[in-house]
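Architecture at a glance
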Amino acid sequence: MDSFFRSEEMCLVQLFFQTESAHNCINELGHLGLVQFKDLNPGTVAFQRRFVKEVKKCEEMERILRKYSRFDKLEQELKEINSNRDTLRQNFTQLMEINHLLKVFDAFLFYLHDRFVAGVIKHERFPAFEKILWRLFHGNFVLRHEDPVKKDVFVVFVQGDQIRGKIRKLCDGFHASMYPCPNNAYARKEMRTNVNTRIEDLRLVLKRTEEFRETTLTAAAANLQEWASKVKKMKAIYYTLNLCNIDITQKLIVAEIWCPVSDLNSVHTALIHGSEQSGSSLSPVVNRIQTQQTPPTFNRVNSFTSGFQSIIDAYGVGNYQEINPAPYTMVTFPFLFAVMFGDCGHGLVMTLLALWLILHQEHFRKLKNELIDMLVDGRYIIFLMGLFSIYTGLIYNDCFSKSFNVFGSSWSVRPMFHPHGPWTNDTLHDSGHLHLDPLVSGVYSGNPYPFGVDPIWNIASNKLSFLNSYKMKMSVIMGVAHMLFGVTLSLVNYIFFRNLKDVALQFIPEVIFMLSLFGYLIFLILYKWCVVMKSESAPSILLLFINMMLFDYSSEGTVLYRTQKPVQIFLVVVAVLMVPWLLFAKPLLLYRKHKQLKFLSLPFCLSLFFGVKKAFVSLQVSMADIFVYQGIHTIEYCLGCISNTASYLRLWALSLAHAELSEVLWKMVLQVALRVTSGMGSVLLAVTFAAFAVLTVTILLVMEGLSAFLHALRLHWVEFQNKFYKGSGYKFTPLSFNRMRDMQ
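Predicted model, so just to flag it, every value in this text is computed and none were measured.

Bringing the overall build of the chain into the picture now. Scanning the chain from N- to C-terminus turns up 24 helices and 11 strands. Relative to its 744 residues, the chain shows a buried fraction of 41%. In the chain, the share of contacts with a sequence separation of at least 24, taken over all contacts with a separation of at least 6, comes to 80%. Accessible area of the chain: about 42100 Å², with a carbon and sulfur share of 61%.

Let's shift gears to the pattern of salt bridges. Scanning the model with the defined rule gives 13 salt bridges in all. Among the salt bridges present, the one from Arg300 reaches Glu8, with a minimum N-O distance of 2.9 Å. Of this pair, Arg300 sits in the loop between strand 9 (285-289) and helix 9 (306-315) while Glu8 sits in the loop between helix 1 (2-5) and strand 1 (10-18); the two residues are 292 residues apart in sequence, bridging distant segments of the chain. A salt bridge links Glu211 to Arg208; the nearest nitrogen and oxygen atoms lie 3.7 Å apart. One end of the pair is Glu211 and the other is Arg208, both in helix 7 (residues 185-243) and three residues apart, which spans about a single turn. When its relative accessible area of 48% is taken as the criterion, Arg208 is described as partly exposed. Through salt bridges with shared partners, a single network forms among Glu8, Asp263 and Arg300.

UniProt tags residues 335-359, 379-396, 476-497, 503-526, 538-555, 567-585, 597-616 and 683-703 as "transmembrane region" (unreviewed entry). Split by type, residues 379-396 is 100% helix and 0% strand. Its first and last C-alpha atoms lie 25 Å apart.

You can see His482 is positioned in helix 16 (residues 463-496). Judged by its relative accessible area of 7%, His482 falls in the buried class. For His482 and Thr332, which are 150 residues apart along the polypeptide, the C-alpha to C-alpha distance reads 8.4 Å. Setting aside anything within four residues of it in sequence, one finds His482 in contact with Thr332, Leu336, Tyr648, His716 and Phe720.

Moving on, we come to helix 22 (residues 650-674). The terminal C-alpha atoms of helix 22 lie 34 Å apart, and with 25 residues this matches the ideal 36 Å at 1.5 Å per residue to within 8%. If you look at helix 22, its biggest bend is around 35°, right at Trp666.

Now for helix 18 (residues 541-550). When we look at burial in helix 18, the residues that qualify are Ile541, Leu544, Phe545, Asn547 and Met548. Considered in projection along helix 18, the buried side chains sweep an arc of 165° and stay on one side of the axis. Among the exposed residues of helix 18, those oriented more than 90 degrees off its buried face are Leu542, Leu543 and Leu550. In the stretch just after helix 18, Phe551 is the one whose phi turns positive, near 55°.

Next up on the list: empty space enclosed by the protein. Scanning all chains against the criterion turns up two cavities of 30 Å³ or more. Here the largest cavity defines a volume of roughly 160 Å³. Surrounding the largest cavity, 17 residues form its lining, Tyr396, Asn397, Asp398, Lys463 and Leu467 being those nearest its centre. Of the residues contributing to the lining of the largest cavity, the split by class is six nonpolar, four polar and seven charged. If you add up the space inside the second largest cavity, you get close to 30 Å³. Lining the second largest cavity we find Ser7, Thr297, Asn299, Gly318, Asn319, Glu322, Ile323, Asn324, Pro325 and Tyr725. Of the residues in the lining of the second largest cavity, the class split is three nonpolar, six polar and one charged.

Interaxial distance between helix 10 (residues 326-340) and helix 14 (residues 379-396) falls to 8 Å at its minimum, and their mutual angle equals 50°. By the angle between their axes, helix 10 is oblique relative to helix 14. In the crossing of helix 10 with helix 14, the sense of the turn from one axis to the other is right-handed. In this structure, helix 10 contributes Met330, Val331, Phe333, Pro334, Phe335, Phe337, Ala338 and Val339 to the contact, and helix 14 contributes Ile381, Leu384, Met385, Phe388, Ser389, Tyr391, Thr392 and Tyr396. The residue inventory of the contact of helix 10 with helix 14, partitioned by class, reads 14 nonpolar, two polar and no charged.

Scored by pLDDT, the chain has a mean of 83; 87% of the residues are at 70 or more. When mean pLDDT is taken per element in the chain, helix 10 scores highest with 96 and strand 11 (residues 616-618) scores lowest with 38. Long-range and interchain partners of residues 46-59, a stretch whose pLDDT sits below 50, account for 25 contacts in this model, where long-range means more than four residues apart. Ignoring residues within four places in sequence, the model shows residues 599-621, a span with pLDDT below 50, making 20 contacts including any to other chains.

Reading the values: the criteria
- Residues numbered from 1 in each chain as written.
- Predicted model: local features only at pLDDT ≥ 70, side-chain atom pairs only at ≥ 80, totals over all residues.
- Heavy atoms only, no water.
- Helix = DSSP H or I, 4+ residues; strand = E, 2+ residues; numbered from the N terminus.
- Buried < 20%, exposed > 50% of the residue type's maximum accessible area, 1.4 Å probe, protein only.
- Contact = heavy atoms within 4.5 Å.
- Areas by Shrake-Rupley, 256 points an atom, 1.4 Å probe, with all protein chains shown as cover.
- Salt bridge = Lys/Arg side-chain N within 4 Å of Asp/Glu carboxyl O.
- UniProt positions renumbered as here; feature names shortened; annotations may be inferred.
- Expected span 1.5 Å × (residues − 1).
- Bend = angle between axes of the 7 residues up to and from the residue.
- Arc of directions from axis to C-beta.
- 1 Å grid on protein atoms, 1.4 Å probe; cavity = no way out; pocket = protein on both sides within 12 Å on 5 of 7 lines; lining within 4 Å.
- Points joined across faces, edges and corners; volume = space filled by probe spheres on them.
- Nonpolar A, V, L, I, M, F, W, Y, C, P; charged D, E, K, R; others polar.
- Axes fitted to C-alpha atoms, helices over the stretch in contact; angles between N-to-C directions.
- Parallel < 35°, antiparallel > 145°, perpendicular 65-115°, else oblique.
- Left-handed = near helix turned anticlockwise from the far one by under 90°.
- pLDDT = per-residue confidence, 0-100.

Set out below in structure tokens:
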């Protein structure tokens, strides 16, 4: 269970197996997907060449080579088909050009004599061709042309063989195709009939060729993915072999791997299975070795947790055995998102979308679309965000900007009327706004609404003021609690790594500093909520906190309870004292330790070598560097407590913005259509509802949802994780064929 909350314990293992079983052993480890090879042979491929000679005898290689031979045969067949198709198309094009050329001859029959040049030229080259003809021969020719498709058919009638020869050279320069045409009308007719017959034959042959080509490619496509997978697997195996080494006898492969301690038996079993498949006489040897190198970070995930782990890894891969924020993020991330996105109607739509993605994930993955793949990978994140949004929407009593009155309001209007209260019927007609007085007996039942916000606030004129105060204070409480939880997780890291000095010199002053100021701020908020007082005389929490920091108790309305002044002075003094504790205690202790190790004795053998009895090395420790480093941390933490607390106010701001946008859409779009009572009201309602649905999805679900997602991401990366998470490790990248297949 501990591995769920921090990265897996890793070990460095040395492997020995015979060269004849190397291919099968690595193949089994690739299917296991729990081994990362270290590079023992950097910058060389000579081992790969030696190893290929040994491995060619194995059955797996022979089977793959046979498959490669079939692939070569298919490749030759396709090349031959494509070559024949290109030749047929070229002949077909020439016949079509001759056919059009003969049509031009029939159109300009009265110009015919034995001195002419006929051919076909590309359409874009014809204007330049015509211009050069006029410049060279000054009009001593007759030019006729037509443009049937994308080429021009031309006939040039000239006098003299010399001019005709020059025109032929000009046609060669413009890459025009020239064709001989008979002068005799009967011969042209016979030629045209022959050309049309050949065209029809070629069309039939081309059709059969295309069908055969399509059949061959379809048959090849059925095995294409399997071939690509095999090629990638072979490349991965040979790449892994390049990371291994070989002994001088050329019989044993030596490899070093990182793998989880809990999976050592599985690794050994896979190696034995690969060795047995090759018929090796020696069993592979697995030897766990000690090392001072930092192991890679491996967090075991499944389809549900992988999306949240990706959010953490995007910030930075955790240090080895550092506490993993992902399990806590699975709760806090969708909850903070829902605080900003609180609407049970919108949350229900998001939940249904996530369920659709979950149920049809295989279909969506086949689409090979980057955006859809991103949504499918985060389907469980969207699902939890939708569920939490339903919950916070019920807390806010908000569903598409409307409220539910399930349990009955705790407020009553009837007691405000005469004789119990001051209202009469005339009061209702003469006043635009009326105030319910909770001091009048029966107006407020004394029992709050059982779950969430009382529905009467949805029709109250001071609804925004009430929700503004409520959500702002709620955001501060959640923010301070979230940050305190992050600081508490740093204690778990200190205890796990047996770094008890940081508990006394860093964790304790950090917690005391935050509790003295911002913990007390939460106390003021909760205390003011719990005591009964008139709104006119109730002091402002913000002014109370500012005056507390300034030691200002002279102004009226700054006292919330009797012993407030001495308590606040004590807390501020304690918080101020934590700053020098953070700033000086740890650097002075480190400096003292380095002073004790000022001189280190070198081994006696070195002293003999240099001709001296003893040598000393002085450790030059810069006091300034230690204080600068700790000073940066202290300033970042103390100022960060203030700025980070203010940063959590985004929960309040985005929640209000979402609620107000939802209310605007209701009042300005759907409510207008609902008030129409004419005969076309139903048609207008259908059109308006479609517009309302589109605007709700695009603005409130997509844009507001993306905004709330990014803000929740920032709160976790900056305000929460920087209290305990360093994120400066390197990721465990095992040889895994399953992962390679998923990436295809």
